[in-house]
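Here is what each chain is made of, one letter per residue.
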Amino acid sequence: MKKLLLITFSFLALMLPIPPSHAQTHKEIFWDDLIPPEWARQTAKEFAKFFQKTGSMQDSDPRIDDLYDKLRKHWDAAPISKKYIGKPIRISGYVVPLDAERSLSREFLLVPYFGACIHTPSPPANQIILVVPPATGGLKVRSMDAVWVDGILSESRVDTDMGRSAYKLEAIKIAPFK
Amino acid sequence: MMYWIKLAIQSALSRKASLLIIVFSTAISVTILLAAFKIRDDTKTSFTNAISGVDLVVGNKASPTELILHSIFHIGRPTSLVPGSAIKEIESISQVKWLVPIQLGDSYRSYPVIGTTTDFFQQIRAQNKALAFSSGNSFGGGNHHEVVLGANVARQFKHQLSDKITLSHGSGIGPAQDHTDTPFTIAGILESNGTPIDNSILISTQSFNSLHDGSDGKVLFAQLSNSQYSAFFLGLNQRSAVFSVRRQIDSLKSPPLMAVMPGVALDDLWKTLEVAENALLLVSVGVVLTSILGIAAALLISLESRRRELATLRVVGVKPLQILFSIILESLLIVTAGIILAWIFLQALVFIFSDWLMKEWGILSTVGPPTANDLIGLLMILIAALICSIIPGIKAYRLALHDGLNPPNI
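Keep in mind that what you see is a predicted model, and the values were worked out from it rather than measured. (Residues numbered from 1 in each chain as written. Chains lettered and ligands numbered in written order. Predicted model: local features only at pLDDT ≥ 70, side-chain atom pairs only at ≥ 80, totals over all residues. Heavy atoms only, no water.)

A. Molecular detail of the packing of aromatic side chains. Applying the stated criterion to the full structure yields nine aromatic pairs over all chains. Centre to centre, the rings of Tyr111(B) and Phe157(B) are 5.8 Å apart; their planes meet at 85°, and the pair counts as edge-to-face. Here the residue Tyr111(B) occupies a position in strand 5 (residues 111-116), and Phe157(B) occupies one in helix 6 (residues 151-157), the gap between them amounting to 46 residues. The two residues Tyr111(B) and Phe157(B) agree in class, both being buried. Members of the aromatic cluster, each reached through a chain of ring pairs, are Phe120(B), Phe121(B), Phe133(B) and Phe139(B). For the cation-ring pair, Arg90(A) lies above Trp148(A), with the distance from its terminal atom to the ring centre recorded as 4.3 Å. If you follow Arg109(B) out to its NZ or CZ, it ends over the ring of Phe157(B), 4.7 Å from the centre. (Phe/Tyr/Trp six-rings, centres within 6.5 Å; stacked < 30°, edge-to-face > 60°. Helix = DSSP H or I, 4+ residues; strand = E, 2+ residues; numbered from the N terminus. Buried < 20%, exposed > 50% of the residue type's maximum accessible area, 1.4 Å probe, protein only. Lys NZ or Arg CZ within 6 Å of the ring centre and 35° of its normal.)

Below is the structure:
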């Protein structure tokens, strides 16, 4: 009888909800955390003078195009923040798939807003994360799915003349956004 | 249990003709369902296992889906050609790491010929693995006129290394379309990777150009002037720079180009196809439901002719509940026989049509064990048959009780 009780209790113990091990270690961060504050301040200062002038301009004004071009170049060269590099993070965003294959291992870009890069201007370089799914397979994601990604944030550097850093997230877990 | 199965079989054997028809009709409708499942799965995987490692596909401004379908899957008609001067423009964009040109338009016995560079074999990946040669090597440059065959092409025509083959212009249908004066030597055969590359013939851009500008013998087909391309595959230094590069290419003034992200274009395409896919599924579910109702109806009718049999069973001491059980067992046996037959039909169909599917539609279909989806579908059919057979079963239960040994209408 004692033995039976023991077995029952040990089974009960097994059935207790086990806290997911990554929940505590992966700090949830927001997209704003990925922008270096100095860069944001500098950008605001630099472009504020332009925006004052644009108020009176028409959309078709060539100066608007110039300004847009300038802003784009600035955004494409946006530096990354080192604050969370090498740290386990958890972030939510929208999926932009890269490869023309639909396997669990396909890499995708994580962006902060819906339709980003498809219908609307793409976000600054420091608001795009390359997500590398775990080797055991991630989630079958499709274009513009909303997902949570847990993983280690890293910096991907390329040594070319225009070499700049970008975010890369080695995913441990990819889950649908709920 | 064995006894009951034996009895059900014996009883069924006494009504062979009508039961055989029921089994066949079940088999045919289950075949349709399984075939619908299979076509859906195989189409999906055929589109799923495309190339990877390509960040952008560049072509003339046109429909992105058309460009992807043509350049990656070799389906549909070609979009207009991009002049070779575009290569320099694209390569000057700092984030571009490599560029692989793609020339399409010729064929070998209705399999597409791709004009490209040897970089193709280094940069393009299939299912996240680099392309591998099962024998031989990449084609040599210059005017060597060497080809590399995809696995299926080599298998289909039983080609060996250093065989000579003749390519055709366009789809290869019609007289005087062969590039007969420039035979190609097979330099390598690729390993099968489940992508459209399996069905292609790869030659160097130099060979492709010389086929068309007539530098090799007489002028045959001068429609393509020197170095024009169907598309370019691009790889970037940093994948996350894809938006920036795409915008730079889109804003090139001459020639006006379009850069497409293959993943996004494919997902858009798949969303459109889902409607047709679901319609196909709905129709096949309808077919199976009709068939199961047919089984129930047939069992119900056959009860009339089984009154005596059932009454006799009652006399020898069979309980009404056991009669109910035997009716249900019979219908399950019919459906199981139907399912087994359907599976054989399906494998035969796949065996007969797989080559044609591959050639005409680029869909890879192989004989194989049932998938999880198939099993769920088949299980649902069995459960539905079980539920449907309860109606005639209950009727038989009642008949057995009421009629006893004196069927009223005899």
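So, next bit.
B. Focus on the domain arrangement of chain A. All names here are of chain A. Once the domains are mapped, chain A shows domain 1 (2-20 + 34-76) and domain 2 (88-176). In this complex, domain 1 contributes eight residues to the contact, which on the side of domain 2 involves 12 residues. Together, the buried faces of domain 1 and domain 2 total about 830 Å²; carbon and sulfur atoms form 56% of this surface. Sorting the residues of domain 1 by area buried against domain 2 places Leu34, Trp75 and Asp76 first, and these three jointly supply 65% of that buried surface. Connecting domain 1 to domain 2 are zero salt bridges. On the surface where domain 1 and domain 2 come into contact, there are three residue pairs in polar contact (both at pLDDT 80 or more). The element that contributes the greatest number of residues to the side of domain 1 that touches domain 2 is helix 4 (residues 62-76), accounting for four residues. (Domains from an automatic or database assignment. Contact = heavy atoms within 4.5 Å. Buried area = accessible area lost by both parts, 1.4 Å probe. Salt bridge = Lys/Arg side-chain N within 4 Å of Asp/Glu carboxyl O. Polar contact = N/O pair within 3.5 Å; in protein donor to acceptor, adjacent residues only side chain to side chain.)

C. Representation of the interface of chain A and chain B within the structure. Each side of the interface is counted separately: chain A has 31 residues, and chain B has 31 residues. Of the roughly 2,700 Å² buried between chain A and chain B, counting both surfaces, carbon and sulfur atoms make up 51%. For the pair chain A and chain B, the number of links is five salt bridges. Linking Arg247(B) and Asp76(A) is a salt bridge whose minimum nitrogen-to-oxygen distance equals 2.4 Å. Counting across the chain A and chain B interface gives 10 residue pairs in polar contact (both at pLDDT 80 or more). When residues of the side of chain A that touches chain B are traced back to their parent elements, those giving at least two are helix 4, strand 2 (88-97) and strand 3 (108-111) of chain A. Classifying every residue of the side of chain A that touches chain B gives 14 nonpolar, seven polar and 10 charged. (Nonpolar A, V, L, I, M, F, W, Y, C, P; charged D, E, K, R; others polar.)

D. Structural detail: the packing of helix 2 (residues 16-48) of chain B against helix 9 (residues 262-305) of chain B. All names here are of chain B. As a packed pair, helix 2 and helix 9 sit with axes 9 Å apart at the nearest point and diverge in direction by 170°. Taken together, helix 2 and helix 9 sit at an angle that is classed as roughly antiparallel. Grouping the amino acids of the contact of helix 2 with helix 9 by side-chain chemistry returns 16 nonpolar, six polar and three charged. (Axes fitted to C-alpha atoms, helices over the stretch in contact; angles between N-to-C directions. Parallel < 35°, antiparallel > 145°, perpendicular 65-115°, else oblique.)

E. Region of interest: the nonpolar core. If you look at the biggest cluster of nonpolar residues, it comprises 34 residues, and the most contacted ones within it are Ile72(B), Phe120(B), Ile124(B), Leu202(B) and Phe233(B). Elements supplying a minimum of two residues to this core: helix 3 (64-71), strand 4 (96-108), helix 5 (119-123), strand 15 (231-236), strand 16 (257-260) and helix 9 of chain B. Both domains that meet at this core, namely domain 1 (2-47 + 269-403) and domain 2 (56-260) of chain B, each give it at least three residues. Once you skip the residues sitting within four places of it in the chain, Phe120(B) turns out to touch Val100(B), Ile102(B), Leu131(B), Ile197(B), Leu202(B) and Phe233(B). The next biggest cluster of nonpolar side chains, apart from the first, holds 29 residues, and it includes Ile128(A), Met144(A), Leu234(B) and Phe243(B). (Core = buried A, V, L, I, M, F, W, Y, C linked by side-chain atoms within 4.5 Å.)

F. Looking closely at the confidence of the model for chain B. All names here are of chain B. Overall, the predicted model of chain B reaches an average pLDDT of 81, with 90% of residues at or above 70. Within the model, pLDDT remains below 50 along residues 215-225, and this stretch shows 23 contacts once partners closer than five positions in the same chain are excluded. For this predicted complex, the interface confidence reaches an ipTM of 0.79, while the overall pTM sits at 0.75. (pLDDT = per-residue confidence, 0-100.)

G. Up close: the sheet that holds strand 1 (residues 51-52) of chain B. Residues and elements named next belong to chain B. As summarised here, the arrangement of the three strands in space is 1-6-7, forming an open sheet in which the pairing is antiparallel. In this open sheet, the two strands that pair with only one neighbour each are strand 1 and strand 7 (129-130). As judged from the two bridges shared by strand 6 (residues 125-126) and strand 7, these two strands associate in the antiparallel manner. Bridge assignment links Arg125 to a residue of strand 7, and that residue is Ala130. (Pairing = 2+ DSSP bridges.)

H. Structural detail: helix 4 of chain A. In this model helix 4 of chain A runs 21 Å from its N-terminal to its C-terminal C-alpha over 15 residues, within 8% of the 21 Å that 1.5 Å per residue would give. Those residues of helix 4 of chain A lying buried are Leu67(A), Leu71(A), Arg72(A), His74(A) and Asp76(A). (Expected span 1.5 Å × (residues − 1).)

I. Expanded view of the side chain of Ser244(B). Residue position: Ser244(B) is located in helix 8 (residues 242-250). Here the side chain of Ser244(B) touches Asp76(A) through a polar contact of 3.2 Å, side chain to side chain.

J. Representation of the domain arrangement of chain B in the model. For chain B, the assigned domains are domain 1 (2-47 + 269-403) and domain 2 (56-260). Each of domain 1 of chain B and domain 2 of chain B has a C-alpha centre, and the two are 48 Å apart.

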